[in-house]
Amino acid sequence: MKNIYVIALAAILFQGCGQKKEMTAPATRPVKTTIVESRSVIRKDFSGIVEAVEYVKLAFRVSGQIISLPVIEGEKVKKGQLIAAIDPRDIALQYAATKSSYETASAQVERNKRLLSRQEYEISLSNYQKAKSEYELSSNNMRDTKLTAPFDGSIEKRLVENYQRVNSGEGIVQLVNTQNLRIKFTIPDAYLYLLRAKDPRFLVEFDTFKGHVFKARLEST
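Remember, it's a predicted structure, so these values are computed and weren't measured experimentally.

Broken down by element type, the protein chain carries three helices and 14 strands. Taking all 221 residues of the protein chain together, the buried fraction comes to 38%. When contacts within the protein chain are restricted to residue pairs at least 6 apart in sequence, those whose partners lie at least 24 apart make up 73%. As presented, the protein chain carries roughly 13,100 Å² of accessible surface, and 48% of it is formed by carbon and sulfur atoms.

Now the structure itself:
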């Protein structure tokens, strides 16, 4: 009988064994897991699969043509870094129009507050609230023409091409948090005693990164 266990890679995949070159890992990849018992120095190797704990498909909230897509698959990005941008010209025109209407309605409310009847003031106030909502919406749309990374990670997949027209909600890239990975592996009952050892240590080696070993911890069973 085999039991499935889960370990979490200790942050981070870029700090192992004196390596000089940055590395990234996709969401799923075979790995070799080694359990090292702290006192007896007994080592056992098991195969496992690495998965991303945190990943997200990034998308625009507005539609338009992409004019900038500077990232490539496998690239490491920082929180707040530009991922993509769409042509803002049409949205900018709408923004300018709603801003003008909002400023006019705001001035009219102040003027009508002093000079007109209560009923006329309430009408102008209603127009002001409508103009304000439209202005705030267009302001948000202007900000949403740029897509930025919500956390540090790596671009696992690019889902569209530059200059392509996309709809709101359509996936642009899939971003993976490589600072927090989970590894699932199976272990026969005969080796369960290794997990009962005081402070067992877990070491992980990726098939594609031979010679680079990373520390991990037991997360759950």
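Having seen the structure, we can now continue with the description.
A few words now on the nonpolar core. Formed by 20 residues in total, the largest nonpolar core has its most connected members in Phe 60, Ile 66, Ile 83 and Ile 172. Counting only elements with at least two residues in this core, the list comes to β7 (82–86) and β11 (171–176). Contact partners of Ile 172, with chain neighbours within four places excluded, come to Leu 58, Ala 59, Phe 60, Ile 66, Leu 69, Ala 84, Leu 147, Arg 158, Leu 159, Val 160 and Val 166. Core analysis: the second largest hydrophobic core is formed by 15 residues, Ala 52, Phe 185, Phe 202 and Val 204 among them.

Right, let's get into the confidence of the model for the protein chain. Looking at the protein chain, pLDDT values average 81 and 78% of them are 70 or higher. Throughout residues 9–25 the model reports pLDDT below 50, and contacts reaching past four residues in sequence, or to other chains, amount to 48 contacts.

Ordered in space as β4-β11-β9-β6, the four strands form an open sheet in which the pairing is antiparallel. Each edge of the open sheet is held by one strand with a lone partner, namely β4 (55–59) and β6 (76–77). Direction of pairing for β6 relative to strand β9 (residues 153–158): antiparallel, over a ladder of two bridges. Opposite Lys 76, over in β9, you have Ser 154 as the bridge partner.

What follows deals with the packing of aromatic side chains. Here the structure, examined in full by the defined rule, presents four aromatic pairs. Measuring from ring centre to ring centre gives 5.0 Å for Tyr 102 and Tyr 135, while their planes differ by 10°; the resulting arrangement is stacked. Placement of the pair is Tyr 102 in helix α1 (residues 89–115) and Tyr 135 in helix α2 (residues 118–143), with a sequence separation of 33 residues. An aromatic cluster of at least three residues, connected via ring pairs, comprises Tyr 95, Tyr 102, Tyr 128 and Tyr 135.

This next bit is on the sheet that holds strand β10 (residues 165–166). Adjacent strands of a sheet pair through backbone hydrogen bonds, lying either parallel or antiparallel. Strand order in the open sheet made by the four strands is β8-β7-β5-β10, with antiparallel pairing throughout. Either end of the sheet is taken by a strand with one partner, and the two such strands are β8 (146–148) and β10. In terms of strand pairing, strand β5 (residues 64–68) meets β7 through two bridges, oriented antiparallel. From the neighbouring strand, Ser 68 faces β7, where its bridge partner is Ala 85.

With phi around 70°, Tyr 163 is a residue other than glycine that occupies positive phi space. On the basis of relative accessible area, Tyr 163 is assigned to the exposed category, the value being 55%.

Looking now at the packing of α1 against α2. At a closest axis distance of 8 Å, the pairing of α1 and α2 adopts a crossing angle of 155°. For the element pair α1 / α2, the angle class is roughly antiparallel. Crossing handedness for the pair α1 and α2: left-handed. In terms of residue class, the contact of α1 with α2 is built from 12 nonpolar, 10 polar and five charged.

Quick look at α2 now. Across its 26 residues, α2 extends 37 Å between first and last C-alpha, which sits within 8% of the 38 Å expected from 1.5 Å per residue. Turning to α2, its buried residues number three or more, namely Tyr 121, Ser 124, Tyr 128, Ala 131, Tyr 135, Ser 138, Ser 139 and Asn 141.

Inspection of every chain in the model, using the stated rule, returns two salt bridges. Here Asp 87 makes a salt bridge to Arg 89, at a shortest N to O gap of 2.7 Å. The exposure class assigned to Asp 87 is buried, which follows from its relative accessible area of 18%. With a shortest N-O distance of 2.9 Å, Arg 158 and Glu 161 are connected by a salt bridge.

Basis of the calculations
Residues numbered from 1 in each chain as written. Predicted model: local features only at pLDDT ≥ 70, side-chain atom pairs only at ≥ 80, totals over all residues. Heavy atoms only, no water. Helix = DSSP H or I, 4+ residues; strand = E, 2+ residues; numbered from the N terminus. Buried < 20%, exposed > 50% of the residue type's maximum accessible area, 1.4 Å probe, protein only. Contact = heavy atoms within 4.5 Å. Areas by Shrake-Rupley, 256 points an atom, 1.4 Å probe, with all protein chains shown as cover. Core = buried A, V, L, I, M, F, W, Y, C linked by side-chain atoms within 4.5 Å. pLDDT = per-residue confidence, 0-100. Pairing = 2+ DSSP bridges. Phe/Tyr/Trp six-rings, centres within 6.5 Å; stacked < 30°, edge-to-face > 60°. Axes fitted to C-alpha atoms, helices over the stretch in contact; angles between N-to-C directions. Parallel < 35°, antiparallel > 145°, perpendicular 65-115°, else oblique. Left-handed = near helix turned anticlockwise from the far one by under 90°. Nonpolar A, V, L, I, M, F, W, Y, C, P; charged D, E, K, R; others polar. Expected span 1.5 Å × (residues − 1). Salt bridge = Lys/Arg side-chain N within 4 Å of Asp/Glu carboxyl O.

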